[in-house]
Amino acid sequence: MIEIQGLCKHFDDFRALEDIHMTMESGKVYGLIGQSGSGKSTLLRCINGLTTYEKGSLKVDGVEVSSLQGRQAREFRRGIGMIFQQFSLLSRLTVRENIALPMKCWKWDKRERERRVDELLEMVQLPDKGKALPRELSGGQKQRVAIARALAMNPKILLCDEATSALDPNIAETIMDLLSDINKRLGITIIVVTHQLSILKASCEQVYLLEKGRLAAQGDITSLFSQPPEALRRLMGSQGETAVSGGGEGTVLRLLPTPEQAEKPILSRMARELGEDFSVLRADREQYRHGAVTYLLIQVSPKVLPAVENWLGEQNIAWAAEPRQEKREEEAV
Ligand code: ADP
Ligand code: MG
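Being a predicted model, the structure only gives us computed values, none of them experimental. (Residues numbered from 1 in each chain as written. Chains lettered and ligands numbered in written order. Predicted model: local features only at pLDDT ≥ 70, side-chain atom pairs only at ≥ 80, totals over all residues. Heavy atoms only, no water.)

(A) Just unusual backbone geometry, in detail. Of note, the phi angle at Glu 162 is positive, near 55°, even though the residue is not glycine. We note that Asn 316 has phi near 65°; this positive angle belongs to a residue other than glycine. Summarising the element assignment, Asn 316 is placed in the loop between helix H12 (305-315) and strand S14 (318-321). (Helix = DSSP H or I, 4+ residues; strand = E, 2+ residues; numbered from the N terminus.)

Below you can see the structure in the form of structure tokens.
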């Protein structure tokens, strides 16, 4: 379990992290998102003890990370694996030698090392690439090698810093699938840091969003994305994910039917029963780790709005009014 309370990290006058509170339970997959420069990597470096913090507390399994020194600190870090965007493999070593590096550092004997490397190569589905050099591998394969190396010492936590950002979307997805599988099979806590929202959705359970060093939103992934708070809207907006503007008069409503409700023709029934028209701006079904979420965005004229609200209430269909577009643009500046 990772418990962070009132954590602050400053670089001289610059506040890279300010008053961060987070609780991460063992064995789950967490997403840490935010614009570039929002403090994601700095937070990971605090968690694995590579950097100190000025104020607050950061405990991993009850141990205050900043209190660790010397051998204790090294042993603590052995329990935390890390992978990066740039893979960080040593170019002159083979795949096997790269994966064996941590075990060599910890002076495992050769037989055990070789046995463990075989096991890890199987786990990341590269059983026949052991003798290859990094330059002979694709990006996705290099990241698999980096994952194998990160898992070599049986870590309890795996930190992934933009691990899929340099990969094509479909390859990124296979890497996320591998990480999900590792989480399920080995029960390792995984923190996925990314600025890409798309790769989060299928793999993470809980999400923390940083904005300029502060925690700006948090929650489980389905509720966060089905009713995005302002900070998440800003991040989505910066990635062109909210092209929802109704144009014309009217309020944009986000309908969030349950899976059972979503199987029925909600919109045509509402139009028929109310005898009114409205525009459908978007309808989507997104697959998350724990099921699918359907949402419908409709635009309703002021005249019809009360009747629609009433009808949705009677049918027990969850909904929320979307903030007005002008307001969002103002806040994004
Ligand atoms: P992210 O990973 O979200 O892109 P970082 O954690 O790398 O962001 O950086 C957060 C902020 O802290 C950035 O503005 C960055 O310039 C600053 N920063 C990070 N490391 C240092 C450092 N060693 N010295 C000074 N400023 C730093
Ligand atoms: Mg970073």
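(B) A look at the sheet that holds strand S5 (residues 63-64). Strands sit in the order S2-S1-S4-S5 across an open sheet of 4 strands; the sheet is antiparallel. The two strands at the open ends of the sheet, each matched to only one other strand, are strand S2 (14-24) and S5. With respect to the sheet, helix H1 (residues 40-47) is in contact with strand S1 (2-11), S2 and strand S4 (55-60), its orientation differing from that of S1 by roughly 120°. (Pairing = 2+ DSSP bridges. Contact = heavy atoms within 4.5 Å. Axes fitted to C-alpha atoms, helices over the stretch in contact; angles between N-to-C directions.)

(C) Looking closely at the site of ligand 1. All residues in the neighbourhood of ligand 1 are listed as Phe 11, Phe 14, Ala 16, Gln 35, Ser 36, Gly 37, Ser 38, Gly 39, Lys 40, Ser 41 and Thr 42. Residue Lys 40 places a side-chain N or O atom 2.8 Å away from an oxygen atom belonging to ligand 1. At 2.5 Å, a side-chain N or O of Thr 42 approaches an oxygen atom of ligand 1. Protein chains bury 56% of the 560 Å² of accessible surface belonging to ligand 1 in isolation. (Near = heavy atom within 4 Å. Polar contact = N/O pair within 3.5 Å; in protein donor to acceptor, adjacent residues only side chain to side chain. Areas by Shrake-Rupley, 256 points an atom, 1.4 Å probe, with all protein chains shown as cover.)

(D) Quick peek at the sheet that holds strand S7 (residues 157-161). With mixed pairing, the 6 strands of this open sheet are ordered in space as S6-S7-S8-S3-S9-S10. This sheet does not close on itself; its edge strands, each paired only once, are strand S6 (80-84) and strand S10 (214-220). Each neighbouring strand pair of the sheet contributes to a mean axis angle of 15°, computed without reference to strand direction. Across 5 bridges, the pairing between S6 and S7 is parallel. Across the sheet, residue Ile 80 finds its bridge partner in S7, namely Ile 157.

(E) Broad picture of the confidence of the model for the protein. On average, residues of the protein score 88 in pLDDT, and 93% of them reach the 70 mark or higher. Across residues 326-333 the pLDDT falls below 50, and counting only partners more than four positions away or on other chains, this stretch makes 9 contacts in the model. (pLDDT = per-residue confidence, 0-100.)

(F) Examining the nonpolar core more closely. Ranked by size, the top nonpolar core spans 54 residues in total, and within it Ile 99, Ile 147 and Leu 179 carry the most contacts. In this structure, Ile 2, Leu 7, Tyr 30 and Leu 43 belong to the second largest nonpolar core, which totals 28 residues. (Core = buried A, V, L, I, M, F, W, Y, C linked by side-chain atoms within 4.5 Å. Buried < 20%, exposed > 50% of the residue type's maximum accessible area, 1.4 Å probe, protein only.)

(G) View of the environment of Ser 26. Relative to the assigned elements, Ser 26 resides in the loop between S2 and strand S3 (29-33). Separated by 34 residues in the primary sequence, Ser 26 and Val 60 have C-alpha atoms spaced 9.8 Å apart. When neighbours within four sequence positions are excluded, Ser 26 is seen to be in contact with Met 1, Asp 61 and Thr 189. At 2.9 Å, the side chain of Ser 26 forms a polar contact with the backbone nitrogen of Met 1.

(H) Molecular detail of the environment of His 21. Its location among the elements puts His 21 in strand S2. Separated by 35 residues in the primary sequence, His 21 and Gly 56 have C-alpha atoms spaced 9.2 Å apart. Engagement of the side chain of His 21 in a polar contact is seen with the backbone nitrogen of Gly 6, the distance being 3.3 Å. At 3.2 Å, the side chain of His 21 forms a polar contact with the side chain of Asp 19.

(I) Looking closely at the side chain of Lys 9. When you line up the elements, Lys 9 lands in strand S1. One buried charge, Lys 9, has no salt-bridge partner; the nearest side chain with opposite charge is Glu 54, at 4.4 Å. Within polar-contact distance, the side chain of Lys 9 engages the backbone oxygen of Thr 52 at 3.0 Å. In this structure Lys 9 touches Phe 14, Arg 15, Ala 16, Leu 17, Thr 42, Cys 46, Thr 51, Thr 52, Tyr 53 and Glu 54, once residues within four positions along its chain are discounted. (Lys, Arg positive; Asp, Glu negative; His and termini not counted. Salt bridge = Lys/Arg side-chain N within 4 Å of Asp/Glu carboxyl O.)

(J) Main features of the packing of aromatic side chains. Under the counting rule described, the total for this entry stands at 1 aromatic pair. A ring pair is formed by Tyr 30 and Tyr 208, whose centres lie 6.4 Å apart and whose planes are at 25°; its orientation type is stacked. Here the residue Tyr 30 occupies a position in strand S3, and Tyr 208 occupies one in strand S9 (residues 206-211), the gap between them amounting to 178 residues. Here the two residues Tyr 30 and Tyr 208 agree in accessibility, since each one is buried. For Arg 78, the ring lying beneath its charged end belongs to Trp 106, and the centroid distance is 4.2 Å. (Phe/Tyr/Trp six-rings, centres within 6.5 Å; stacked < 30°, edge-to-face > 60°. Lys NZ or Arg CZ within 6 Å of the ring centre and 35° of its normal.)

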